[in-house]
Each structure stands twice: as structure tokens, then as C-alpha cells.
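Understanding the architecture of this molecule
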Amino acid sequence: MGLEDDFLLADADDEKTIEFIKNYLPQELKEKFSDDELYYFLDLIDEYYSESGILDAQPDEDGYVNIDLEEVVAYIVKEAKKDEMGEYDPEEVLFVVQGEMEYGNSLGQVD
């Protein structure tokens, strides 16, 4: 598979992630964030994971890595302000981060 195929797969996965998050959000937040904002948040989540060292963390005895969602949210809010994307309510962004986490969990589940 070539690099272009990898990008197309990543784009398709991002689209599925965004759709999942939009369905996960509470009704009052469904229209709050544009698709562009959600893609931006996804990029920041990926950035946080790669820069925080969480990807190198050792799983616990159950095979899980503890991720502090509040830290992820704080990172997104801080970066969005720095990038002049706007100021976001951490409580609202938390739903996006939880939605992204749930999407990842749903992919890992085996029936």
C-alpha cells in the first residue's frame, strides 16, 4: 500500500471518528462545533498523545494505559487559544474527547 492510500485510509477513519463524535455529543452540543473544529480537535488529541509520552506508557496489569481526559481537554483549550481558533468551554470539549475515546474503544471491542 502506498503513502497516498495511507492518507486516504486516515481521512476515512477521521470521517468515521467525526461522525461518531457528533452522534456521541449531547443534543445541546450537536450544532455547537463545526466539522472543521472537530477535525482540529482530533489533530490536537493526536498531538497531545504523541507529545505527552502517553503512546510510550506501559499498560497496567489489565492492559490499559491511564489517560487523564482533563489533561487532554486542558491541552486542547490552551492550544486553541494560542492558535487563535477561539476560546472553548472545557466542559464542552470534554464531550468531544470522551467521544473520541469511545470511538477508539468501540474499534477495539471484539464480540
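What you see is a predicted model, and the numbers here were worked out from it, not measured in a lab.

Rules used throughout
Each residue is numbered by its place in its chain's sequence as written, counting from 1. In view of the model being predicted, local features appear only for residues whose pLDDT reaches at least 70, and side-chain atom pairs are presented and counted only at 80 or more, with totals across whole chains, interfaces and linings using the full set of residues. To obtain the side-chain values, all non-hydrogen atoms of the structure were used and water was disregarded. Predictor confidence is given residue by residue as pLDDT, running from a minimum of 0 to a maximum of 100. Strands here are runs of E lasting at least two residues and helices are runs of H or I lasting at least four, both read from the DSSP assignment and numbered beginning at the N terminus. For every residue, the accessible area (1.4 Å probe, protein chains only) is compared with the maximum for its type, and the residue is labelled buried under 20%, exposed over 50%, or partly exposed between those bounds. Neither His nor the chain ends is counted toward charge; the positive residues are Lys and Arg and the negative residues Asp and Glu. For this analysis, a salt bridge means a side-chain nitrogen from Lys or Arg found within 4 Å of a carboxyl oxygen belonging to Asp or Glu. Every residue pair with non-hydrogen atoms within 4.5 Å of one another is taken to be in contact. Side-chain rings of Phe, Tyr and Trp (the six-membered ring for Trp) are treated as a pair once their centres are within 6.5 Å; stacked means planes under 30 degrees apart, edge-to-face means over 60, and tilted covers the remaining angles. Residues belong to one nonpolar core when they are buried, are Ala, Val, Leu, Ile, Met, Phe, Trp, Tyr or Cys, and are joined through side-chain atoms within 4.5 Å.

With that out of the way, let us pick up the confidence of the model for the protein chain. Per-residue pLDDT for the protein chain averages 84, and the proportion of residues at 70 or more is 86%. Mean pLDDT in the protein chain bottoms out at helix α1 (residues 3-24), which sits at 72, and peaks at helix α3 (residues 69-82), which reaches 96.

Before going further, it helps to examine the side chain of Glu 37. Along the chain, Glu 37 turns up in helix α2 (residues 35-52). For Glu 37, which is buried and forms no salt bridge, the nearest opposite charge comes from Lys 32, at a distance of 8.2 Å. Not counting residues within four places of it along the chain, the set of residues in contact with Glu 37 comprises Lys 32 and Tyr 88.

Here the focus is the packing of aromatic side chains. Describing an aromatic ring pair means giving the distance of the ring centres and the angle of the ring planes. Counting across every chain of the model gives 7 aromatic pairs. Taken together through their ring pairs, the aromatic side chains of Phe 33, Tyr 40, Phe 41 and Tyr 88 make up a single cluster.

Structurally, Ala 74 is set in helix α3. As for Ala 74 and Val 93, which are separated by 19 residues in sequence, their C-alpha atoms are 9.1 Å apart.

With a phi angle near 60 degrees, Glu 84 is a residue other than glycine that sits in the positive phi range. Tracing the chain through its elements places Glu 84 in the loop between α3 and α4 (90-108). You can call Glu 84 exposed: its relative accessible area is 73%.

Now for the nonpolar core. Grouped burial of nonpolar side chains is what soluble globular proteins tend to show. Core analysis: the largest hydrophobic core is formed by 25 residues, its most contacted members being Phe 41 and Ile 76. When contributions to this core are tallied by element, the ones reaching two or more residues are α1, α2, α3 and α4. Here this core takes 8 residues from α2, the largest share from any one element. Other than its neighbours up to four places away in sequence, Ile 76 contacts Phe 41, Leu 44, Ile 45, Val 93 and Val 97.

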